[in-house]
Amino acid sequence: AQSVTQLGSHVSVSEGALVLLRCNYSSSVPPYLFWYVQYPNQGLQLLLKYTSAATLVKGINGFEAEFKKSETSFHLTKPSAHMSDAAEYFCAVSTAGGTSYGKLTFGQGTILTVHP
Amino acid sequence: NAGVMQNPRHLVRRRGQEARLRCSPMKGHSHVYWYRQLPEEGLKFMVYLQKENIIDESGMPKERFSAEFPKEGPSILRIQQVVRGDSAAYFCASSPPGGAVTEAFFGQGTRLTVV
């Protein structure tokens, strides 16, 4: 079984400040990890993904995340927040192979607010 | 991703009616996943289909819900005799042959409201 915990349902930062969204996962096998962004009344857009290659993953819009196996974490960061980053962010985990192939398990989501 | 088309975008049904949600995968994709997002919650997996086959339906409620992905045409998620608790956003994702979740793209979702 696999699970994802996103610490903090709401995060608020000032424009230009560091963004840090926390994600911890649980998986019995090596995981694939994802961060998605959802704008109001929109679908999910993939920000970045970890698939057992480099542990530091760079994504779109200046976001990056680091896979830390020892901490079972995959936190999302961005050095400088922009107003357009305000959205809801979801961390997700999956495993390859078997019937879980293609099945994503999502965290509860973190709503990011950016203040001017 | 605009390549996965879901319709309708918004659907209002009265209690007891049927809801039919459609998902057309991206061109070349043969695997479809359905997820449900209840208010204030993350997405929950419902079902994984290939053309004419249900691969994994472990997330589907046992009653009233069904899904299909015919040889021709879109994937359909059908909810019979809807209840207020079915109100949610339903998202479809598709991936290429092989079902690689790392290459999955999501549609814009169908927001179902049961009144």
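Worth saying up front: this structure is predicted, and the values here are computed from it rather than measured.

J.: When you look at the interface of chain B and chain A in this model, what are you seeing that I'm missing?
T.: Interface size is commonly expressed as the accessible surface area that is lost when the partners come together. The interface of chain B with chain A comprises 25 residues on the first partner and 20 residues on the second. Each partner contributes to the roughly 1,900 Å² buried at the junction of chain B and chain A, and carbon and sulfur atoms together form 52% of this total. Applying the counting criterion to the chain B and chain A interface returns 1 salt bridge. Note that Lys103 of chain A is salt-bridged to Asp56 of chain B, the shortest N-O span being 3.0 Å. Scanning the region where chain B abuts chain A turns up 7 residue pairs in polar contact (both at pLDDT 80 or more). Mapped onto the side of chain B that touches chain A, the elements with two or more residues apiece are β4 (31-37) and β5 (43-50) of chain B. Considering every element that reaches the side of chain B that touches chain A, the biggest residue donor is β5 of chain B, with 4 residues. Looking at the side of chain B that touches chain A residue by residue, the classes come out as 10 nonpolar, 9 polar and 6 charged.

J.: For this particular structure, what's the right way to read the sheet that holds strand β1 (residues 5-7) of chain B?
T.: Within a beta sheet, neighbouring strands are joined by backbone hydrogen bonds and run either parallel or antiparallel to one another. Residues and elements named next belong to chain B. Spatial ordering of the open sheet is given by β1-β3-β8-β7, a layout of 4 strands whose pairing is antiparallel. A single partner strand is all that each edge strand has here, and the edge strands are β1 and β7 (65-68). For this sheet the average axis-to-axis angle between neighbouring strands, irrespective of direction, equals 15°. Across 3 bridges, β1 lies against strand β3 (residues 19-24) in antiparallel orientation. Within the sheet, the bridge partner assigned to Asn7 lies in β3 and is Arg22.

J.: What's the story with the pattern of salt bridges in this structure? I'm lost.
T.: Enumeration according to the criterion identifies 6 salt bridges over all chains in this entry. One salt bridge connects Asp85 of chain A with Lys78 of chain A, and the closest N-O pair in it is separated by 2.9 Å. Ionic pairing is found between Arg64 of chain B and Asp86 of chain B, a salt bridge with its closest N-O pair at 2.7 Å. Of this pair, Arg64 of chain B sits in the loop between β6 (53-56) and β7 while Asp86 of chain B sits in the loop between β8 (75-79) and β9 (88-95), and the two are 22 residues apart along the sequence. With a relative accessible area of 3%, Asp86 of chain B lands in the buried category.

J.: So what exactly am I meant to see when it comes to the state of the cysteines here?
T.: Note: disulfide means a covalent bond formed between the sulfur atoms of two cysteine side chains. Residue and element names in this part refer to chain A. By the definition in use, this model includes 2 disulfides over all chains. A sulfur-sulfur distance of 1.9 Å marks the disulfide that ties Cys23 to Cys91. On the S-S bond that ties Cys23 to Cys91, the torsion sits near -65°, and the link is left-handed. Of the two residues, Cys23 sits in strand β3 (residues 19-27) while Cys91 sits in strand β9 (residues 87-94), which places them 68 residues apart along the sequence. Overall, the relative accessible area of 0% leaves Cys23 in the buried class. Assessed through its relative accessible area of 0%, Cys91 is described here as buried.

Cut-offs applied
Residues numbered from 1 in each chain as written. Chains lettered and ligands numbered in written order. Predicted model: local features only at pLDDT ≥ 70, side-chain atom pairs only at ≥ 80, totals over all residues. Heavy atoms only, no water. Contact = heavy atoms within 4.5 Å. Buried area = accessible area lost by both parts, 1.4 Å probe. Salt bridge = Lys/Arg side-chain N within 4 Å of Asp/Glu carboxyl O. Polar contact = N/O pair within 3.5 Å; in protein donor to acceptor, adjacent residues only side chain to side chain. Helix = DSSP H or I, 4+ residues; strand = E, 2+ residues; numbered from the N terminus. Nonpolar A, V, L, I, M, F, W, Y, C, P; charged D, E, K, R; others polar. Pairing = 2+ DSSP bridges. Axes fitted to C-alpha atoms, helices over the stretch in contact; angles between N-to-C directions. Buried < 20%, exposed > 50% of the residue type's maximum accessible area, 1.4 Å probe, protein only. Disulfide = S-S within 2.5 Å.

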